[in-house]
Amino acid sequence: MGTPAETRWLSSEEMGSWLALNAVMIKLPFALDAQLQRDAGLSHFEYQVLAGLSQSPGRSMRMSDLAVLANGSLSRLSHVVGRLEKRGWAKREPDPEDGRFTLALLTDKGWDKVVATAPGHVAAVRKYVFDALTPEQARQLAEIGARVIQAIDPGDHCLDFQRGPATDG
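Values in this document were obtained by computation on a predicted structure and should not be read as measured data.

> I'd like a description of a nonpolar patch on the surface, backed by residues and values.
On the surface, a cluster of nonpolar side chains totalling about 740 Å² of accessible area is made up of Leu10, Met15, Trp18, Leu19, Leu21, Val24, Met25 and Ile26. Within the secondary structure, Leu10 is located in the segment before helix H1 (12-40). Looking at Leu10, the relative accessible area reads 44%, which means it is partly exposed.

Here it is as C-alpha cells:
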C-alpha cells in the first residue's frame, strides 16, 4: 500500500460507482434470501447448493467443487448438506473414482424442490436485476463481473460452472 501522498484516491465518479456497487452487494443478497426464505423455506446458500447439483452431470458434484460453486467454505457446505440430507433433498457418498473425495448428490425429492423453487427465484432475479437493465447493460454487467472476479482471484473458475437453467434431467 502507498503512503497518503501516493494513494490513488477515487474520483467523484468512481466514488459514486463504488457506493452503488457496495449497496448492491449488501441489498441484493438480502432481497434474494428473503424471497427464498418466504417462498421456499430455503436460504440463498441452500438454493445455490441445490441448483448447482441440479445443473451438474448426474446431479452430483464433489463437495470441494460444490463449495467453490456456492462460494462457501467446505465446513459451511458440510453443515448445509447435512440439513439438506435431513430434508431428503441431498445425500453424500464416497466418490467412486477417488475415495478421498465425497460426492454430494441431489435426490429426486431435491430435484422436485429445485424445480418448484426456481420460477420464484428467477422472477426475483429478473425483478431486482434484469428488469432494471437494458440488454446492453446486462451484457456489460456480465463483463464487469468477470473482470472484477479476475482482479480479485485470477485463478477463479466460479463462472466456469455457469450453465443454463436447471430444467432437464
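So, next bit.
> Run through the pattern of salt bridges, naming residues and quoting values.
This structure, assessed with the given rule, holds 8 salt bridges. Note that Arg83 is salt-bridged to Glu46, the shortest N-O span being 3.3 Å. Pair noted here: Arg83 is in helix H4 (residues 74-86) and Glu46 is in helix H2 (residues 44-54), with a separation of 37 residues, a long-range link. Since its relative accessible area comes to 6%, Glu46 is described here as buried. The salt bridge involving Glu143 is made with Arg147; its shortest N-O contact spans 3.2 Å.

> Go over the nonpolar core, please, and point to the residues and values.
Nonpolar side chains in soluble globular proteins generally cluster together in the buried interior. Within the largest apolar cluster, 26 residues are counted, with the highest numbers of intra-cluster contacts made by Val49, Leu50, Leu53, Leu66, Leu77 and Leu84. Every element with two or more residues in this core is listed here: H1, H2, helix H3 (63-70), H4, strand S3 (102-106) and helix H5 (108-128). In terms of residue count, H2 provides more of this core than any other element does, 6 residues in total.

> If you had to explain the sheet that holds S3 to someone new, which residues and values would you point to?
Whether parallel or antiparallel, the strands of a sheet pair through hydrogen bonds between backbone atoms. Within the open sheet, the 3 strands sit side by side as S1-S3-S2. Their pairing is antiparallel. With partners counted over all chains shown, the strands left at the sheet margins are strand S1 (60-62) and strand S2 (90-94), one partner each. Sheet twist, expressed as the mean angle between neighbouring strand axes with direction ignored, is 25°. Direction of pairing for S1 relative to S3: antiparallel, over a ladder of 3 bridges. Looking at the pairing, Arg62 lines up with Leu103 of S3. Where H2 meets the sheet, its contacts fall on S1 and S3, and the angle it forms with S3 comes to roughly 90°.

What counts, and where the lines are drawn
Sequence positions are assigned chain by chain, starting from 1 and proceeding in written order. Where totals are concerned, whole chains, interfaces and linings use all residues; where local detail is concerned, this predicted model gives features only for residues with pLDDT of at least 70, and gives and counts side-chain atom pairs only at 80 or more. Side-chain measures here rest on the full set of heavy atoms in the structure, leaving out hydrogens and waters. A patch is a set of surface residues, each over 30% in relative accessible area and not in a salt bridge, joined within 9 Å for like charges and within 5 Å for the nonpolar side chains Val, Leu, Ile, Met, Phe, Trp and Tyr. The Shrake-Rupley method, run with a 1.4 Å probe sphere, supplies the accessible areas, and residue values consider only the shown protein chains as cover. We define a salt bridge as a contact between a side-chain nitrogen of Lys or Arg and a carboxyl oxygen of Asp or Glu at a distance within 4 Å. Think of it this way: any DSSP run of H or I at least four residues long counts as a helix, any run of E at least two long counts as a strand, and we number them from the N terminus. When accessible area is computed with a 1.4 Å probe and restricted to protein chains, residues below 20% of their type maximum are described as buried, those above 50% as exposed, and intermediate ones as partly exposed. To define a nonpolar core, start from buried Ala, Val, Leu, Ile, Met, Phe, Trp, Tyr and Cys residues and group those joined through side-chain atoms within 4.5 Å. Strands qualify as paired when DSSP identifies two bridges or more between them. Lines are fitted to the C-alpha atoms to define the axes, a helix being fitted only along its stretch in contact, and any angle between axes, read from their N-to-C directions, falls within 0 to 180 degrees. Contact criterion: two residues are considered in contact whenever any of their non-hydrogen atoms come within 4.5 Å of each other.

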